[in-house]
Amino acid sequence: MRREPRPAEALTAWQHPFLNVFRHFRVDEWKRSAKQGDVAVVTDKTLKGAVYRIRGSVSAANYIQLPKSSTQSLGLTGRYLYVLFRPLPSKHFVIHLDVSSKDNQVIRVSFSNLFKEFKSTATWLQFPLVLEARTPQRDLVGLAPSGARWTCLQLDLQDVLLVYLNRCYGHLKSIRLCASLLVRNLYTSDLCFEPAISGAQWAKLPVTPMPREMAFPVPKGESWHDRYIHVRFPSESLKVPSKPIEKSCSPPEAVLLGPGPQPLPCPVASSKPVRFSVSPVVQTPSPTASGRAALAPRPFPEVSLSQERSDASNADGPGFHSLEPWAQLEASDIHTAAAGTHVLTHESAEVPVARTGSCEGFLPDPVLRLKGVIGFGGHGTRQALWTPDGAAVVYPCHAVIVVLLVDTGEQRFFLGHTDKVSALALDGSSSLLASAQARAPSVMRLWDFQTGRCLCLFRSPMHVVCSLSFSDSGALLCGVGKDHHGRTMVVAWGTGQVGLGGEVVVLAKAHTDFDVQAFRVTFFDETRMASCGQGSVRLWRLRGGVLRSCPVDLGEHHALQFTDLAFKQARDGCPEPSAAMLFVCSRSGHILEIDCQRMVVRHARRLLPTRTPGGPHPQKQTFSSGPGIAISSLSVSPAMCAVGSEDGFLRLWPLDFSSVLLEAEHEGPVSSVCVSPDGLRVLSATSSGHLGFLDTLSRVYHMLARSHTAPVLALAMEQRRGQLATVSQDRTVRIWDLATLQQLYDFTSSEDAPCAVTFHPTRPTFFCGFSSGAVRSFSLEAAEVLVEHTCHRGAVTGLTATPDGRLLFSSCSQGSLAQYSCADPQWHVLRVAADMVCPDAPASPSALAVSRDGRLLAFVGPSRCTVTVMGSASLDELLRVDIGTLDLASSRLDSAMAVCFGPAALGHLLVSTSSNRVVVLDAVSGRIIRESTVFQLPGVHPEPCPSLTLSEDARFLLIAAGRTIKVWDYATQASPGPQVYIGHSEPVQAVAFSPDQQQVLSAGDAVFLWDVLAPTESDQSFPGAPPACKTGPGAGPLEDAASRASELPRQQVPKPCQASPPRLGVCARPPEGGDGTLSPSDEEGPCEESCDPEGLGQASGPPVLTEEEAGRAGDGAWAAAVGSWGLALPPRSPGQPREQWRAGQGRWCRCRGLRTVGARDTRNSGAPRTTYLASCKAFTPARVSCSPHSAKGTCPPPASGGWLRLKAVVGYSGNGRANMVWRPDTGFFAYTCGRLVVVEDLHSGAQQHWSGHSAEISTLALSHSAQVLASASGRSSTTAHCQIRVWDVSGGLCQHLIFPHSTTVLALAFSPDDRLLVTLGDHDGRTLALWGTATYDLVSSTRLPEPVHGVAFNPWDAGELTCVGQGTVTFWLLQQRGADISLQVRREPVPEAVGAGELTSLCYGAPPLLYCGTSSGQVCVWDTRAGRCFLSWEADDGGIGLLLFSGSRLVSGSSTGRLRLWAVGAVSELRCKGSGARSSSVFMEHELVLDGAVVSASFDDSVDMGVVGTTAGTLWFVSWAEGTSTRLISGHRSKVNEVVFSPGESHCATCSEDGSVRVWALASMELVIQFQVLNQSCLCLAWSPPCCGRPEQQRLAAGYGDGSLRIFSVSRTAMELKMHPHPVALTTVAFSTDGQTVLSGDKDGLVAVSHPCTGTTFRVLSDHQGAPISTICVTCKECEDLGVEGTDLWLAASGDQRVSVWASDWLRNHCELVDWLSFPMPATTETQGHLPPSLAAFCPWDGALLMYVGPGVYKEVIIYNLCQKQVVEKIPLPFFAMSLSLSPGTHLLAVGFAECMLRLVDCAMGTAQDFAGHDNAVHLCRFTPSARLLFTAARNEILVWEVPGL
């Protein structure tokens, strides 16, 4: 039967087998094509023919375009586009392709060596096209090399759209080839040609050679690959899944970056024959084993997946673990070279799959192993098979394939599918298992059934696969499904070579208009098949690569709906085809027996029910007329036929169907039956989730598996009996035996759905909460309901009992909390409290949590943003923590999802949040102990975590995260990130450890039982903390929230003074004059309260705690659970009254975003305390402001004037809001960096610095006349209110200083006429104030009822302004009566259609429109006249933090980093439609993805270009016309740890905790080079001195947190060497004076001496062991009086206040101790919670002197003479020093303090001068070698000071 071509095929037939594009469109005539600029025809010597040359300095102005007009289309449908071109040497080129998808979306795909990074939007893909060079250290992105060769660029357009945009390729619309290049021709084809294979070679190879017309000429005797380049994109490495490949070479951990973000996969040209000619970015997660390079994740994993492993960084993809460590990934022509961010492919190799991401300290890896699964089916219940030996049953359980041994009950699993398995097939020899998953496009896998290894993964031509069938030999696999148009499709694959290393081959495929419900390959002839469906039974045959079918003449049965078929098997097993009989069943009860040879129906029978009068069940079955019983499945053996029907019966019939042999009744309709190969067992499955078999000999039915038919909502375990309880959406409560995984009880309610469940700890009883609000107790012994309580009005959301079983707690969706007494079986209600629990929280196993000792109860409530802790017995509220303000990186308001207590000895409360984080709180005080981001795959929207739990020994934290289970090593401080386990096809709802802690259970689509492979640690004990967190003598160093950011432990555990208990300062009462509520203090920074023991002992109210907010670690590591965070309190003098310090310092402060309010005195002692954290929309200082003592001890400037002048600032405060302004008409550009307003000339780069703020600036506002700039900062130690400065733009002078709010100013705005200034306080103050700009007097002020996130004046009416916040829009009208202005307010609620998120941003549109953004990503439009919202659309996945409108265009910026441009011109017309308006008229014009949440933006009037600021501290210049984003300002994202300078002082280099090493041009401070190591902190840096004979060689030595030391070549911009001299983090590094030796120190006190050329460490000094090395200083030995030999003199200072001085000659391996200094330290020397460092340096103007600062008895600089062996001078200091630098050219000494101050000391004159400007501790200061400049750093700010007169 010949298949007629479809119309679409006929229309495109002229393009087959290939199409010469230039010839078809007659490019030489330029009628159907266009040329622009310098385009000419030239003769190429290599190709010996004419080619087109396109050249010019501007690529966009010199090009060839096909077709001529943009309104036309090429209409080329070929899958592959072949571009034959050669780049012009040392030039850039661009290739643009406009590709149309099947849904008519046009996408531009561009390739160029001009692109620095991969960029992607919904309509544009930009790929850097890297050309070949000769050295592996070359700069891969840039100009074409001088020896560029002709290249065949082969683009798979279908996979480009599918892989990167998930779209289906339609046709190629247009092509534009831009300068500078030579192009020979373009071709399209559906065939994949191999350009290097000749006709003689391909005869023996399964490849298609390049047609002669397309081929490049190759002279005789030469190789094609020696003359030309072949680039295939996407490569096979992107089309098929891959695993990390272990290599013999070092991974490219040092990544050379351009000015843009990290690039994604890009094409790489190779001159060797390659299979993978395109390589993704190699990102090296640290720590990793040496020599491992991790490839980017593929669309589909290739091998069986039991567990994923990943670092905490959201940038890396997951590492996949194979079930078989011997699994091989065969890849021809793979070799990885260290080439920056790209990988070149060369020599062939077969490499084993390597495990990546493993890290010492988190062992074993994996820690979980799947042991058992409770469940069956998922996509359907028809897939259940016997193995050929009849010993096991194969069936799917959602995404897992289970092999169950029927005699032992043992299970083994096939893991790897990411969605529910829709079809299964097993060959006759149990060699191959085929499976397909349901989600379109369907992915299929072939498995080695014996080993469980995935042999092949491929995408089916079908959209959805419904059925699979193997031939008996396994050489043929047939599948039936639907294509994307919904038509039935049959495909035949050849699988004979898969087991031998071959691939699956599509033999034939066919479409049919007939329905197919079942499809089988015959056992007697592999080329014949049969199918049945609605009204048809067809016989198929595969011949000559074509599938043909013919129908069976059904006669009067042609209208039946056939459901299944089976072939009759002869007893000898080898019948003739002529004897083949086919049995087909139908829903009407018919069973037809068909002769396959004659294709006729031989017998037709019908199953009918016969009932006796009054009898409930059929008594016998007959085959005659009448209504039949629907048959869903049948299976035939040589002796009988098994029939499963929808009446729930399995019946066995003889083949003549004379009478029923045996029958078994099921609880639901039978969906599948299968007779075992020996004919003695009949497998049956039901649609109700039951799987079992009937033993025909014993006539006993054995249940194999039961399953919930809907997702499992919650689970609970009972320890003594080993039982498990589950509740499901199928309205059942089931009890399981954990040992056998068999169901024991089943409780069903048709009217009331169960929601939560828990066991009684001691009695055989469990409790269940229902959707009606009822809570019932069930007896497991009597299997009945004992007691029922209906005290809730809404569905029960949480249920938990205390460990002793005395109390039970329940919560409901209406917010009520109930407490029950369970002391006796007739339990009763004790209390019911309303409005306690979050009312709209979904039911969750972790909605309520009781501490392990039963004393505390925690839950989410009374709102989503708060977590409340109560006493379990009294229900007294002890603590309330506001979680809704934790997410500072986005504008989405964070909320709590689940709570969990740790072991009682730890006192930890774990909270999972909606922003994918887990926050660990102290359950008593509410302070943050540690925090981690839940690992998230790139591009996947984070799903909330409904359940989490911590093991009893506090070793492992278990989290349900989407469809995965994540396990953290909770005890390890520097957590390597979670181990991620897959298997669930739906979100996991609950996770729990078994009572013996040896197993883990997870519930979602099914219930999975995992073995915990980690051995039990009997020596792990409490109380206190886990081993990594223990305190006391002998304990290791601890990390706190501040020290974890640098990966270095704090040098000493903070000790409380003897007068105070081991906790932070506790105040007995609020400050005098207060109202009982503690308000934020006047200072920013640590609180130091002069509390005495008497005062503490008399505290009658609940204690109040204040601490610093936990910062995030650079590598995703969690901070240590510090047992004591006590601060030393200054002693009170005997004569000082106690009230004095209360009045002066009794007000508690906000420390880095954390504030404490809500404490009450004795007048209101029963009220709780509440811990708030700064809102995601509110400005939150990321830095610690100055100490209250910062003004003491400062020195006045000398009479001669200032010694320093601020020259430049490097950095932008990304934590501010609207803190950047730009006016394109005047060129005024200003932004904030800490306390400074930086005004920069964008053309010259010159900066002005407006100083005066005493705290970090939160926001800016520029008047409409651009003459006045207003800046607002938070409170400092010297002011009780925040500060607003009004600046004259022309002169840069502060004209007015006002103090509007006691809390941070969130927003500023000038009225359209510039007569008024509005200021908005954050959610603490909630104050709106109006100021007259004539005198800046307060005009009006009001307190808002709820937190407000934004305010704006109506640009069309100066008398109207609007605020947006929590659920409301507030319109204000300004009414002026004389000099008085009053505010008239109108509040409008946000409609439910907009969603539950808060309004976070606003801007006015065309009158009378107002655009508002929400925290859920919606943009809603309001009619300000009518006060109603008439339109909304989903603008982003994250919260909208910024909106700007001009003309008919709207710009939105979100917390996801997306900047989008919307066309909203039609919105005004939609206003009249009201609520019926639709958002279809709003469409997105452009999109850019930046490096962080958008916090500020300014655009020109046409919104064509603008400047945008992000939380990453970057300012971008955005051009919508060009679709580009260019970095303007970019500093380090994290703390700057070191600044070093080149010998010639032309460049400087910085390193940071973000893992980057950046090289800057010193004159302009422009970023020149960046080296990036992923997931590691760079802690120290050194620049090599001038090398003898090689002055051009400049190297950087960088030390990292994993103990590695990397050597970077500045001249070659590449990493030269990586060594690992230390097992722990490096703290300092220095070169010897000749540059041939590197000295490095670590946090354990070891000093290693290494060769930077060979990487060998030849000496380790352990004299300082036990204390971290803080400084290593090297100088030439100039003083000969020391009595030692050597060329170098160097010192090492450690954290225990010891300094050693050495003389060395490393060429002779000589090192001798010169002196050893020890300095005393008092008990209390902490500076803002940190121990001051011990710093020492040689004096540059006197080689015999050494200067030392550190914690000591006095705050001073100690000058020590090495020759005299004594201290010769001491210079007093106002505070303990944090940094030290000595000027090489003058006698100047620079000292930085934690009090945000810099002091410059003239050692010759004995004078000093102090300088402000930083907003954090000045932890780093460095003079340049010429002493003309001084660099200072505070956190990530870098200030460059000029030293006048030098």
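Just so you know, these numbers come straight off a predicted model, no measurement behind them.

This part is about the overall build of the protein chain. Summing up its helical and strand segments, the protein chain has nine helices and 141 strands in all. Considering only residue pairs separated by 6 or more positions, the protein chain has 53% of its internal contacts joining residues 24 or more positions apart.

Taken in spatial order, the four strands of this open sheet run 99-100-101-102, and their pairing is antiparallel. Of all strands in the sheet, those with a lone pairing partner are strand 99 (1348-1354) and strand 102 (1380-1389), marking the two edges. Taken pair by pair, the neighbouring strands of this sheet meet at an average axis angle of 20 degrees, ignoring direction. Where strand 100 (residues 1357-1365) meets strand 101 (residues 1368-1377), five bridges bridge the pair, whose relative direction is antiparallel. Each bridged residue has a counterpart across the sheet, and for Val-1364 the counterpart in strand 101 is Val-1369.

Below, the discussion takes up the sheet that holds strand 87 (residues 1220-1223). Reading across the sheet, the four strands line up as 87-88-89-90 and stay open at both edges, with antiparallel pairing between neighbours. Whereas interior strands pair on both sides, the edge strands pair on one side only; in this sheet they are strand 87 and strand 90 (1247-1250). When strand polarity is set aside, the average angle formed by the axes of neighbouring strands in this sheet is 20 degrees. When strand 88 (residues 1228-1233) meets strand 89 (residues 1236-1240), the two strands line up antiparallel, connected through four bridges. Among the inter-strand pairings, Thr-1232 is bridged to a residue of strand 89, identified as Val-1237.

Summed over all chains, the structure comprises 55 aromatic pairs. For the ring pair Phe-414 and Phe-449, a centre distance of 5.9 Å and an interplane angle of 20 degrees mean the geometry is stacked. Taken together, the residues Phe-414 in strand 30 (residues 411-414) and Phe-449 in the loop between strand 33 (443-448) and strand 34 (453-459) connect sequence positions 35 residues apart. Phe-449 matches Phe-414 in its accessibility class, with the two residues each being buried. Each ring, one from Phe-1008 and one from Trp-1010, has its centre 6.1 Å from the other, and the planes form 50 degrees; the classification is tilted. For the pair formed by Phe-1008 and Trp-1010, the shared burial category is buried.

This part covers the nonpolar core. Membership of the largest hydrophobic core comes to 45 residues, with the highest contact counts inside it found for Leu-97, Val-109, Phe-127 and Leu-172. The dominant element in this core, judged by the number of residues it contributes, is helix 3 (residues 157-165), at five residues. Residues Tyr-395, Val-402, Phe-1008 and Val-1012 belong to the second largest nonpolar core, which totals 38 residues.

Moving on to unusual backbone geometry. Look at the link from Leu-66 to Pro-67: it is a cis peptide, with omega at -5 degrees. The topology assignment puts Pro-67 in the loop between strand 5 (63-66) and strand 6 (80-87). The step from Ala-179 to Ser-180 runs through a cis peptide bond, and the omega angle for that step is 10 degrees. Here Ser-180 lies in the loop between strand 12 (169-178) and strand 13 (181-189). We note that Gln-997 has phi near 65 degrees; this positive angle belongs to a residue other than glycine.

Attention now goes to helix 3. Counting buried residues in helix 3 gives seven out of nine residues, a clear majority hidden from the surface. By the burial criterion, the buried members of helix 3 are Leu-157, Asp-159, Val-160, Leu-161, Leu-162, Tyr-164 and Leu-165. Positive phi shows up at Asn-166, right after helix 3, with a value of about 60 degrees.

Among the structural elements, Thr-758 can be located in strand 61 (residues 754-759). On the basis of relative accessible area, Thr-758 is assigned to the buried category, the value being 12%. Setting aside residues no more than four positions away along its own chain, Thr-758 makes contact with Ala-716, Phe-766, Phe-767, Leu-799, Thr-800, Ala-801 and Leu-808.

The next thing to look at is the side chain of Asp-1011. Mapped onto the secondary structure, Asp-1011 falls in strand 83 (residues 1007-1012). In this view, Asp-1011 contacts Val-367, Leu-368, Arg-369, Lys-371, Gln-998 and Gln-999; residues no more than four positions away in its chain are not counted.

It is worth spelling out the pairing of strand 96 (residues 1316-1321) at this point. Of all six residues in strand 96, six are buried, a share of seventy percent or more. Side-chain alternation along strand 96 places Leu-1316, Val-1318 and Leu-1320 on one buried face and Leu-1317, Thr-1319 and Gly-1321 on a second face that is also buried. Bridge analysis of strand 95 (residues 1305-1310) against strand 96 gives five bridges, and the strand direction is antiparallel. What sits directly across from Ala-1307, in strand 96, is Leu-1320.

Our next topic: the environment of Leu-542. Turning to its location among the elements, Leu-542 is positioned in strand 41 (residues 536-543). The buried category is assigned to Leu-542, whose relative accessible area is 14%. Each C-alpha atom of the pair Leu-542 and Arg-528 lies 6.5 Å from the other, and the pair is 14 residues apart in sequence.

On to the confidence of the model for the protein chain. Across the protein chain, the average pLDDT comes to 77, with 76% of residues at or above 70. Taken as a whole, residues 133-140 scores under 50 in pLDDT and shows 14 contacts with residues more than four places along the chain or in a different chain. Segment residues 237-266: pLDDT under 50, and 123 contacts once partners within four positions in sequence are set aside and those in other chains are kept.

Now for the pattern of salt bridges. Under the counting rule described, the total for this entry stands at 48 salt bridges. Glu-646 is paired through a salt bridge with Arg-587; the nearest N and O atoms lie 2.6 Å apart. You can see Glu-646 sitting in the loop between strand 50 (640-645) and strand 51 (649-654) and its partner Arg-587 sitting in the loop between strand 44 (581-586) and strand 45 (590-595), a full 59 residues away along the chain. Overall, Arg-587 belongs to the partly exposed group, its relative accessible area being 35%. A cluster of three or more residues bridged by salt bridges with shared partners is formed by Asp-1436, Asp-1437, Arg-1458, Arg-1460 and Glu-1487.

The rules behind each value
- Residues numbered from 1 in each chain as written.
- Predicted model: local features only at pLDDT ≥ 70, side-chain atom pairs only at ≥ 80, totals over all residues.
- Heavy atoms only, no water.
- Helix = DSSP H or I, 4+ residues; strand = E, 2+ residues; numbered from the N terminus.
- Contact = heavy atoms within 4.5 Å.
- Pairing = 2+ DSSP bridges.
- Axes fitted to C-alpha atoms, helices over the stretch in contact; angles between N-to-C directions.
- Phe/Tyr/Trp six-rings, centres within 6.5 Å; stacked < 30°, edge-to-face > 60°.
- Buried < 20%, exposed > 50% of the residue type's maximum accessible area, 1.4 Å probe, protein only.
- Core = buried A, V, L, I, M, F, W, Y, C linked by side-chain atoms within 4.5 Å.
- pLDDT = per-residue confidence, 0-100.
- Salt bridge = Lys/Arg side-chain N within 4 Å of Asp/Glu carboxyl O.

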